[in-house]
Amino acid sequence: MKHSDSIAARCPVCGKGRVIDIGPKANAGQFILCGPGSVSQAVLIAKCPKCGQKVGIMLRELKPI
């Protein structure tokens, strides 16, 4: 996947680290990134490459219009 086809989701703690890339077929609004205080509610957990904090990734269910 080329980087121009994806959207970089930045760390909610430091704002600098690229935690995940969101693909072109995904809706960026369905991904919620949260800091270490909310990691227990997350579906996925990643680590920020810049600040080293745990980042929770939650998926929001999108309803068709």
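Residues numbered from 1 in each chain as written. Predicted model: local features only at pLDDT ≥ 70, side-chain atom pairs only at ≥ 80, totals over all residues. Heavy atoms only, no water.

### Examining a nonpolar patch on the surface
Then, number 1: On the surface, a nonpolar cluster with roughly 290 Å² of combined accessible area is contributed by Val43, Leu44 and Leu59.
Then, number 2: Tracing the chain through its elements places leucine 44 in strand 4 (residues 44–47).
Then, number 3: Assessed through its relative accessible area of 46%, leucine 44 is described here as partly exposed. (Patch = residues over 30% accessible without salt bridge, like charges linked within 9 Å, V, L, I, M, F, W, Y side chains within 5 Å. Areas by Shrake-Rupley, 256 points an atom, 1.4 Å probe, with all protein chains shown as cover. Salt bridge = Lys/Arg side-chain N within 4 Å of Asp/Glu carboxyl O. Helix = DSSP H or I, 4+ residues; strand = E, 2+ residues; numbered from the N terminus. Buried < 20%, exposed > 50% of the residue type's maximum accessible area, 1.4 Å probe, protein only.)

### Observations regarding the pattern of salt bridges
Then, number 1: One pass over the structure, following the stated rule, counts 1 salt bridge.
Then, number 2: The shortest N-O distance in the salt bridge between aspartate 21 and arginine 18 comes to 3.1 Å.

### With respect to the nonpolar core
Then, number 1: One finds Ala9, Cys11, Val19, Ile20, Ile22, Leu33, Ala46, Cys48, Val55 and Ile57 forming the largest nonpolar core, which totals 10 residues.
Then, number 2: Going through the elements one at a time, strand 2 (18–22) and strand 5 (54–59) are the ones with two or more residues in this core.
Then, number 3: Examining the composition of this core, we find that 3 residues originate from one element, strand 2, more than from any other.
Then, number 4: Those residues in contact with cysteine 48, other than ones at most four positions away along the chain, are Cys11, Cys14, Gly17, Gln53 and Val55. (Core = buried A, V, L, I, M, F, W, Y, C linked by side-chain atoms within 4.5 Å. Contact = heavy atoms within 4.5 Å.)

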